[in-house]
Amino acid sequence: MSYDGVGPHAVTAGQHPHGARARIGERPLRGALPPSAPPRTQDGTAPPSRPRHLRRSLAFLTAGALAVPLLSGCGSDEEPSKPLAGQDIAPVARDLVADGGTLKWAVDALPETLNTFQADADAGTGRVAQAVLPSMFRLDANGRPVADPAYLESAKVIETEPRQVVLYKLNQQAVWSDGREIGAADFVAQWRALSGKNGAYWTARNAGYDRIAGIERGDSDLQVRVTFSRPYADWRSLFSPLYPKDVMGTPDAFNDGARRKLKVTAGPFKVEKVDTAKKDVVLTRNPRWWGRPAKLNEIVLHAVARDKRAAALADGSADLAEIDSTDAQRIGLANREKGTGTPLQGAGRKSVKKLRSWALAHGFDSDEVHAGKKKLGKAIARYLEQQQALRDVEVRKSLEPAYTQLALNGSTGPLADERVRRAVARALDRTELARLVLTPLGLPAVPVGSHLALSGQAAYTDNSGALGDQNPQEAQALLADAGWVRGGPLKEQKKGEKAAGPESHGKDVSNGGKDGEYIVGEDDKDREGGRDGKGKHHESPDGRSEHTDRDLAQEGKHGGAPGAYAPKGTAAPAAAPAGPLAKDGKPLALRFVLPSGPGSDTLNSVAERISAMLEQVGIRATITKVSDESYFKDHIAAGDYDLALYSWPSSAFPATDARPVYAKPVPAADGSVNVEQNYTRVGTDQVDQLFDEAATTLDEDEARDVIRKADSRIWAAAGSIPLYQRPQLVAARKNLVNAGAFGFQTPVYEDMGFLKKGPAVPASPSKG
């Protein structure tokens, strides 16, 4: 789920499927969130508590016992993958950017805290941290961690025996805004606060910090030696962001001192004020910043609801805002309709019928469309005025560092059987689903091939062959092997009895429609959607025929665990079943739970397409819509669903950030089950062991190969099926440069600004 996206973790705060939603950031988003934070619900409500050490920030972010087959790993000389879509930020040289000005940046909500290590940190918290605090490592355009030279001259492992030691050499110009040098005392304070040893600190995560044995000054004040009690491969994830010792030094300062203010900072900007009345966080230039001076005088993060963003862009109260596909289409229309007529122009009276028809075609809501003629006319006039103003705005687009998945609840019902889960996966045409969402937006429609990385990141490789491509005949054979047959006797169901799957609570059902793709760690991010797309995937991603993958899977090779395909000799129906399959007197029926709020149209379209694909193999999927507030906490986190769509952020540190998402659920002493962030409840000891191995393997090539093996096992278990990378649509003032759809890369705040008069803004890559 999406998370806060602070530092090198590309996740949204609250990694859930981004805390309430997942991100590369940490919670499930509608569609995804960041891995370092717990998923959140749309309203930001945290899910049931979980061990603090399991929750991390997004920087970002959001699987039956299987034999562990030997996988073919890629060698160190392999050609690295590339991001499917690059940044779209109107990049220009700094000398073409005007000095001064205020950037009004729309965010979902005023941050509840400015401390990214607290449970209620969100995407706004991450934006502030990126602009005002040091990060030893940031993400590059490929989603890989790189040292930030503003703070770090170098950082490397200098010893591995008897213990791992990392030596940080700091930039000698790096100082806090109070004039004090950034140094070992700040590293020590943050380690002690986040180590998990002092319960007085209300921390949301401590992964990695709990492995540190000690920190000391090196040969000079500019050197910091960090010694680990046990090897930690993801050491680059630490101290990003780095808070001053004033914040981390005591529990009181940590818990309350940085919620609404940050007195001491060390970035190109500083926190001027948090205005709760205006819902603004005002950042101004840091006079003690030693790097390239910020071009902007101010950045104002202003809370704007998703459905109010087009209006905010039109009236000038926002210059930069993430938007959904509906607003993107509206802005595109505004830039194409110069000189066209309007329903209010021309002689003669206009009928209410014509006005309503025009309003309906232009996306007006039902209340406006059915208002009286006078009220409708005013609404149309207001819309046309906004359209005129939106000609100064353009849409910049890329792919978000998060992916939408189909989650299969493996804790109970038919999906507790691996064969049924694999049958669901084999029924899906993931290419068609990606095209459905991404092709109308002009974005590359390539299915995601990994749970643990996205194309461009070091650990990425397409491991979907461990499960296999779409094959309805194989799906039907798997179902037959599991005992689900066509025409079986059905028991008459008693009133209130369900066919299969988790028991419904029968509440919060709504007929609304919302693009509710949830990313672990990200809050209330509306997802984009599109129209129909066709296309079949007949080969595995590496070009081998399906029979090759099938044979390897049956032999326990190439990540295809035994059972990923139906046993040889199992008869597969020659055609799609005429009706739902049945077993033990019950039909094979699954409950597909979706959010119902505004913006969930895309998810609904995807769910309908998936349901049609499942129907072809005899699985009946019934879509149930619930309120946005209830979707995550009462259904996903509570396990009250069979199928669901939400998103997880991608992380530069999957061994750390993704482990709680795929860890095998563990029974607790009180009889409950600790699922951590594994909301599908599908996990294996082998996957856990591979994550542990990757986290302690200091050779980067070896650690990467172990992560890929873990991903193949996760595919084979079929608890979650990655579908597509989430679209990232950002509306920006046309003269705003070095800002927009950032993709993987951490924004460079000091380079953002408005173009000087005269030069032209470079053409957006998304506009060809």
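Residues numbered from 1 in each chain as written. Predicted model: local features only at pLDDT ≥ 70, side-chain atom pairs only at ≥ 80, totals over all residues. Heavy atoms only, no water.

Chemist: Pulling in residues and values, what's your account of empty space enclosed by the protein?
Modeler: Size it by volume and the largest cavity reaches roughly 100 Å³. Lining of the largest cavity is provided by twelve residues; of these, Leu-428, Arg-430, Gly-468, Asp-469 and Gln-470 occupy positions nearest its centre. Residues belonging to the lining of the largest cavity are distributed by class as follows: five nonpolar, four polar and three charged. (1 Å grid on protein atoms, 1.4 Å probe; cavity = no way out; pocket = protein on both sides within 12 Å on 5 of 7 lines; lining within 4 Å. Points joined across faces, edges and corners; volume = space filled by probe spheres on them. Nonpolar A, V, L, I, M, F, W, Y, C, P; charged D, E, K, R; others polar.)

Chemist: Before we move on, can you summarise the packing of aromatic side chains with the specific residues and values?
Modeler: One pass over the structure, following the stated rule, counts 18 aromatic pairs. Ring centres 5.8 Å apart and planes at 85° place the aromatic pair Phe-137 and Trp-235 in the edge-to-face group. With Phe-137 in strand 3 (residues 137–139) and Trp-235 in the loop between strand 8 (223–228) and helix 3 (245–248), this residue pair connects regions lying 98 residues apart in the sequence. For the pair formed by Phe-137 and Trp-235, the shared burial category is buried. Relative to Phe-239, the ring of Tyr-168 has its centre 6.0 Å away and its plane inclined at 90°; by these criteria the two rings are edge-to-face. With Tyr-168 in strand 6 (residues 165–170) and Phe-239 in the loop between strand 8 and helix 3, the pair connects residues that are 71 residues apart, well separated along the chain. Taken together, the ring pairs connect Phe-117, Phe-137, Tyr-168, Phe-187, Tyr-209, Trp-235, Phe-239 and Tyr-243 into an aromatic cluster. (Phe/Tyr/Trp six-rings, centres within 6.5 Å; stacked < 30°, edge-to-face > 60°. Helix = DSSP H or I, 4+ residues; strand = E, 2+ residues; numbered from the N terminus. Buried < 20%, exposed > 50% of the residue type's maximum accessible area, 1.4 Å probe, protein only.)

Chemist: Give a description of the packing of helix 10 (residues 418–426) against helix 12 (residues 472–481) that names residues and reports values.
Modeler: A pair of packed helices can be characterised by two numbers: the angle between their axes and the separation between those axes. Look at helix 10 against helix 12: their axes get within 8 Å of each other, and the N-to-C directions meet at 165°. Relative to helix 12, helix 10 is oriented roughly antiparallel. Here helix 10 runs over helix 12; the crossing is left-handed. Contacts from Arg-419, Val-420, Arg-422, Ala-423 and Arg-426 in helix 10 reach Pro-472, Glu-474, Ala-475, Leu-478, Leu-479 and Asp-481 in helix 12. Residues of the contact of helix 10 with helix 12, tallied by class, amount to six nonpolar, no polar and five charged. (Axes fitted to C-alpha atoms, helices over the stretch in contact; angles between N-to-C directions. Parallel < 35°, antiparallel > 145°, perpendicular 65-115°, else oblique. Left-handed = near helix turned anticlockwise from the far one by under 90°. Contact = heavy atoms within 4.5 Å.)

Chemist: Could you give an account of the nonpolar core, naming the residues involved and the relevant values?
Modeler: By size, the foremost hydrophobic cluster in this structure holds 73 residues, and its most contacted members are Met-136, Tyr-168 and Phe-239. Of all the elements, helix 2 (residues 184–194) adds the most residues to this core, at seven residues. Among residues more than four places away in sequence, those in contact with Met-136 are Val-146, Ala-147, Asp-148, Tyr-151, Leu-152, Tyr-168, Leu-170, Phe-187, Leu-238, Phe-239, Ser-240 and Leu-242. Counting residues in each nonpolar core, the second largest holds 63 residues, with Val-304, Ile-331, Leu-436 and Ala-445 among its members. (Core = buried A, V, L, I, M, F, W, Y, C linked by side-chain atoms within 4.5 Å.)

Chemist: Explain the pairing of strand 19 (residues 620–626) to me, using residue names and the numbers behind them.
Modeler: As defined by bridge partners, strand 18 (residues 589–595) adjoins strand 19 across seven bridges and the pair is classed as parallel. From the neighbouring strand, Pro-595 faces strand 19, where its bridge partner is Val-626. As a crossover connection, the stretch from strand 18 through helix 14 (residues 601–615) into strand 19 is right-handed. (Pairing = 2+ DSSP bridges. Right-handed = clockwise from strand over helix to strand, strands pointing away.)

Chemist: Mind laying out the packing of helix 18 (residues 685–696) against helix 19 (residues 700–717), listing which residues take part and the relevant values?
Modeler: Where helix 18 contacts helix 19, the two axes come as close as 9 Å, and the packing angle between them is 165°. When the axis of helix 18 is compared with that of helix 19, the two are roughly antiparallel. The element helix 18 and its partner helix 19 pack so that their crossing is left-handed. Of the residues in helix 19, those in contact with Val-687, Leu-690, Phe-691, Glu-693 and Ala-694 of helix 18 are Ala-703, Val-706, Ile-707, Lys-709, Ala-710, Arg-713 and Ile-714. Classifying every residue of the contact of helix 18 with helix 19 gives nine nonpolar, no polar and three charged.

Chemist: Which residues make up the sheet that holds strand 14 (residues 485–486), and what are the values?
Modeler: Spatial ordering of the open sheet is given by 14-16-17, a layout of three strands whose pairing is antiparallel. Looking at the sheet topology across the chains shown, the edges are occupied by strand 14 and strand 17 (586–587). Looking at chain direction, strand 14 and strand 16 (residues 581–583) are connected through two bridges and run antiparallel. The residue bridging Arg-486 from the neighbouring strand is Leu-581, located in strand 16.

Chemist: Can you lay out the sheet that holds strand 6 for me, pointing to particular residues and giving the numbers?
Modeler: As summarised here, the arrangement of the four strands in space is 5-6-8-7, forming an open sheet in which the pairing is antiparallel. What marks the edges here is a single partner per strand, and that holds for strand 5 (152–159) and strand 7 (212–217). Along the sheet, successive strands turn relative to each other by an average axial angle of 20°, direction set aside. Bridge count between strand 6 and strand 8: five bridges; the pairing is antiparallel. If you follow Leu-167 over to strand 8, its bridge partner there is Arg-225. Its contacts with the sheet place helix 2 against strand 6, strand 7 and strand 8, and it is angled at close to 160° to strand 7.

Chemist: I'd like a description of the environment of Arg-205, backed by residues and values.
Modeler: With respect to the helices, strands and loops of the structure, Arg-205 is situated in the loop between helix 2 and strand 7. You can call Arg-205 buried: its relative accessible area is 4%. Between the C-alpha atom of Arg-205 and that of Leu-194, which follows or precedes it by eleven residues, the distance is 7.2 Å. At a separation of 3.4 Å, a polar atom in the side chain of Arg-205 contacts the main-chain carbonyl oxygen of Thr-116. (Polar contact = N/O pair within 3.5 Å; in protein donor to acceptor, adjacent residues only side chain to side chain.)

Chemist: Talk me through unusual backbone geometry; I want residue IDs and the actual numbers.
Modeler: Cis geometry marks the peptide bond from Glu-161 to Pro-162, where omega comes out at 0°. Cis geometry is found at the peptide bond from Ser-240 to Pro-241, where omega equals 5°. Looking at the secondary structure, you find Pro-241 in the loop between strand 8 and helix 3. Even without a glycine there, the phi angle at Asp-584 is positive, about 55°.

Chemist: Explain the pattern of salt bridges to me, and be specific about the residues and the numbers.
Modeler: Following the criterion strictly, the structure yields 29 salt bridges and no others. A salt bridge links Asp-685 to Lys-664, with the nearest nitrogen and oxygen atoms 3.3 Å apart. Linking Asp-685 in helix 18 with Lys-664 in the loop between helix 17 (659–662) and strand 21 (666–667), this pair joins segments that are 21 residues apart in sequence. Overall, Lys-664 belongs to the partly exposed group, its relative accessible area being 31%. By sharing partners, the salt bridges in this structure join Asp-108, Arg-306, Arg-309 and Glu-322 into a single network. (Salt bridge = Lys/Arg side-chain N within 4 Å of Asp/Glu carboxyl O.)

Chemist: Describe helix 2, with residues and values.
Modeler: In terms of burial, helix 2 is largely enclosed, as nine of its eleven residues are buried. Three or more residues of helix 2 are buried, namely Ala-184, Asp-186, Phe-187, Val-188, Ala-189, Gln-190, Trp-191, Ala-193 and Leu-194. On its buried face, helix 2 sits against strand 6, strand 7, strand 8, helix 3 and helix 4 (251–257). One or two steps after helix 2, the chain reaches Gly-196, where phi turns positive at roughly 85°.

Chemist: Can you lay out the pairing of strand 10 (residues 280–285) for me, pointing to particular residues and giving the numbers?
Modeler: Regular strands place their side chains on alternate faces of the sheet. Among the six residues that make up strand 10, five are buried, leaving the element largely enclosed by the rest of the structure. For strand 9 (residues 269–275) and strand 10, the ladder comprises six bridges, and the chain directions are antiparallel. What sits directly across from Lys-270, in strand 10, is Thr-284. Linking two consecutive strands that pair antiparallel, namely strand 9 and strand 10, is a turn of four residues; a positive phi of about 60° is found at Lys-279 within it. Where strand 10 meets strand 11 (residues 298–303), five bridges bridge the pair, whose relative direction is antiparallel. Paired with Leu-283 across the two strands is Ile-299, which belongs to strand 11.

Fair warning: the whole summary comes from geometry, so function is off the table for now.
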